[in-house]
Amino acid sequence: MDLISIRDLEKKEVELILDSAEKIHSGKKKPDHSGKILATLFFEPSTRTKLSFQSAAQRNKMGVVDFLPETSSLKKGESFTDTVRILEGYADVLVVRHPVEGSVRLAADVCERPVINGGDGANQHPTQTLIDLFSIRKTKGKIEGMNVHLVGDLKHARAMRSLAYGLAMFNAKITAVSPKGLELPKADVDEIKAKFGCSIAVRDTLDPRDADVLYVCRIQEERFADPMEAKRMKEKFMIRKDDLKNAKHGLVILHPLPKINEIESSIDSMPQAKYFEQAHYGVPVRQAILDWALSK
Amino acid sequence: MLKVDVIENGTVVDHIKAGSGLKVFVMLGVAGGYSERAALVMNVPSKRLGKKDIVKIEGKTVSEDAASMIALLSPGASINIIENSKVAKKYVVSVPERLRGAGTCPNPNCITNREECVREFTKEGERFRCHYCERLVGAEELV
């Protein structure tokens, strides 16, 4: 079974994966896929996604092969789809990250093995969404009805676009907070409202007083045509300890990481900061995803 | 009254939304280097549309895919297939629910503009979603 986009999943399937991740995290479930091999094909840099998938595979008793674009036949001009066709003969499941949007869907089209999207350009990052939903459920007890402030570069961050959809699926309240010009694309807002009837408030300044979850992402500098514009946005959008003075008791701060300067470092030690925990949840959630992909 | 000769064998695309005729002309591949007679008539008075464009092409039959593309530009346009100077077939184009192998995703960072693959778009409301990059785009943007 492929996992390419959060749009491909029904709510019950998301719940199934989250419940499975919960059991794995608590030690009640130990997936065993001995003899199976995961291939990781990352055409863009990654720390958490790649390593947590490799860790998850090993915890599921699987082997791992890692494709490195810089030392591969891509340098000789081999196409992306040919590369995928070769790798499917070496593994039982593939995780692919690529800067071009739709590339992982194309990989799944040419590959008989399950393909999991590790992020395709500014489009989708469905496994991050599952980790985010799991993190909200773990830290707040539920997703339904939570007021989640999505803060930062909502235009370019694939994690935010996937998450907005996932939150709407669970009837959470979404408050989209971004500098002017980096708003959640209107097409996404309209789609979410039409499909799930959920409310999305739009703001251009930070005010976390009514937030249950503050989900922050960095300015996606690499997706800006003008680096000076990216720099200006980075300086303008930073969360400081003072901004949290009037926040609700029990506020949780999440971030897909890496964070650059959008969260003041003194916040890291506050009890509200759960982003390192969130990154660690990547392993049980991705164990559950591999288990789901191989079991279907 | 502007007079354009009848064609013997070919296609007349009528009731094109005024202003879209040139795009239809280009899309059908008769804008440059076409050896047969072809005419684009713009802003012709029309009872139904007020104003319309018409395209006449000698020696070319519009395929089903091309008719779908015309529908994206101008829903309600009519295709007349001409054989021996008579209308052999006439139909009104309709916007398809799904486009496969036709249309171009306007997203320059979509894989369909980088690697060879069969393009696919699905209608959602008044717009189309690219099967690959998932971008929702207007019908005219696909042409």
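Residues numbered from 1 in each chain as written. Chains lettered and ligands numbered in written order. Predicted model: local features only at pLDDT ≥ 70, side-chain atom pairs only at ≥ 80, totals over all residues. Heavy atoms only, no water.

Observations concerning the overall build of chain A
Broken down by element type, chain A carries 9 helices and 9 strands. Its C-alpha radius of gyration of 19 Å places chain A within 12% of the 19 Å reference for a compact globule of 296 residues. In terms of principal-axis extent, the alpha carbons of chain A reach across some 55 × 45 × 40 Å. Here chain A holds 296 residues, and the buried ones make up 57% of them. For chain A, the share of sequence-separated contacts (at least 6 apart) that also reach a separation of at least 24 residues comes to 75%. Chain A carries 46 positive and 42 negative side-chain charges, and their two centres are separated by 4 Å. (Helix = DSSP H or I, 4+ residues; strand = E, 2+ residues; numbered from the N terminus. Rg over C-alpha atoms; globule rule 2.2 N^0.38 Å. Buried < 20%, exposed > 50% of the residue type's maximum accessible area, 1.4 Å probe, protein only. Contact = heavy atoms within 4.5 Å. Lys, Arg positive; Asp, Glu negative; His and termini not counted. Charge placed at Lys NZ, Arg CZ, Asp CG, Glu CD.)

Considerations on the sheet that holds strand β5 (residues 147–151) of chain A
Residue and element names in this part refer to chain A. Spatially, the 5 strands line up as an open sheet ordered β7-β6-β5-β8-β9, and their pairing is parallel. The sheet is open, and its two borders are formed by β7 (200–203) and β9 (252–254), each paired with just one other strand. Going from strand to strand, the sheet's axes swing by 20° on average, the running direction of each strand aside. Each of β5, β6 (173–177) and β8 (213–216) is contacted by helix α6 (residues 158–169), which is oriented at about 170° to β5, the strand it contacts most. (Pairing = 2+ DSSP bridges. Axes fitted to C-alpha atoms, helices over the stretch in contact; angles between N-to-C directions.)

A word on the confidence of the model for chain B
Of all residues in chain B, 99% attain a pLDDT of 70 or more, and the chain-wide mean is 91. Both scores are given for the predicted complex: the pTM is 0.89, the ipTM 0.89. (pLDDT = per-residue confidence, 0-100.)

Regarding the interface of chain B and chain A
Taken together, the contact pairs 15 residues of chain B with 17 residues of chain A. Carbon and sulfur atoms supply 45% of the area that chain B and chain A bury against each other, a total of about 1,300 Å² over both sides. When the buried area of chain B at its contact with chain A is split by residue, Glu 115, Tyr 132 and Glu 134 of chain B rank highest and sum to 40% of it. Our count for the chain B to chain A interface comes out at 4 salt bridges. At the junction of chain B with chain A, the criterion picks out 12 residue pairs in polar contact (both at pLDDT 80 or more). Its residues placed into classes, the side of chain B that touches chain A shows 6 nonpolar, 3 polar and 6 charged. (Buried area = accessible area lost by both parts, 1.4 Å probe. Salt bridge = Lys/Arg side-chain N within 4 Å of Asp/Glu carboxyl O. Polar contact = N/O pair within 3.5 Å; in protein donor to acceptor, adjacent residues only side chain to side chain. Nonpolar A, V, L, I, M, F, W, Y, C, P; charged D, E, K, R; others polar.)

Some details on the sheet that holds strand β3 (residues 50–58) of chain B
Residues and elements named next belong to chain B. Spatially, the 5 strands line up as an open sheet ordered β2-β3-β1-β4-β5, and their pairing is antiparallel. The open sheet has two edge strands with one neighbour each: β2 (38–46) and β5 (86–92). Direction aside, the axes of adjacent strands within the sheet are offset by 20° on average. Looking at chain direction, strand β1 (residues 10–17) and strand β4 (residues 78–83) are connected through 5 bridges and run antiparallel. Bridge pairing links Thr 11 to Ile 81 in β4.

A look at the domain arrangement of chain A
Interface extent is often summarised as the accessible area lost during association of the parts. All names here are of chain A. Partitioning chain A into domains gives domain 1 (6–124 + 280–295) and domain 2 (126–279). Put simply, the middle of domain 1 and the middle of domain 2, counted by C-alpha atoms, are 24 Å apart. Taken together, the links from domain 1 to domain 2 amount to 5 salt bridges. Residue Glu 22 is joined to Lys 138 by a salt bridge in which the shortest nitrogen-to-oxygen separation is 3.2 Å. Across the contact surface, domain 1 and domain 2 share 17 residue pairs in polar contact (both at pLDDT 80 or more). Across the side of domain 1 that touches domain 2, the residue classes tally to 12 nonpolar, 8 polar and 11 charged. (Domains from an automatic or database assignment.)

A closer look at the packing of helix α5 (residues 126–140) of chain A against helix α9 (residues 275–295) of chain A
All names here are of chain A. Relative to each other, α5 and α9 sit at 115°, their axes nearing to 9 Å. The two elements α5 and α9 meet at a crossing, and its hand is right-handed. Across from Thr 127, Gln 128, Leu 130, Ile 131, Asp 132, Phe 134, Ser 135, Lys 138 and Thr 139 in α5, the residues of α9 making contact are Glu 277, Gln 278, Tyr 281, Gly 282, Val 285, Arg 286 and Ile 289. Of the residues assigned to the contact of α5 with α9, the class counts are 6 nonpolar, 6 polar and 4 charged. (Left-handed = near helix turned anticlockwise from the far one by under 90°.)

Looking at α5 of chain A
Residues and elements named next belong to chain A. Over its 15 residues, α5 runs 21 Å from end to end, which matches the ideal 21 Å to within 8%, given 1.5 Å per residue. The buried count for α5 comes to 11 of 15 residues, which makes it a mostly enclosed element. Looking at α5, one finds that the buried residues are Pro 126, Thr 127, Gln 128, Thr 129, Leu 130, Ile 131, Asp 132, Leu 133, Phe 134, Ser 135 and Ile 136. Immediately beyond the C-terminal end of α5, within one or two residues, lies Gly 141, with a positive phi of roughly 90°. (Expected span 1.5 Å × (residues − 1).)

Remarks on the side chain of Arg 97 of chain A
Residues and elements named next belong to chain A. Mapped onto the elements of the fold, Arg 97 is located in strand β3 (residues 93–98). It turns out Arg 97 is buried and unbridged, and the closest side chain with the opposite charge, Glu 44, is 4.6 Å from it. In terms of polar contacts, Arg 97 uses its side chain to reach the side chain of His 125, at 3.3 Å. Other than its neighbours up to four places away in sequence, Arg 97 contacts Leu 41, Phe 42, Phe 43, Glu 44, Pro 45, Ser 46, Thr 49, Gly 118, Gly 119, His 125 and Arg 158.

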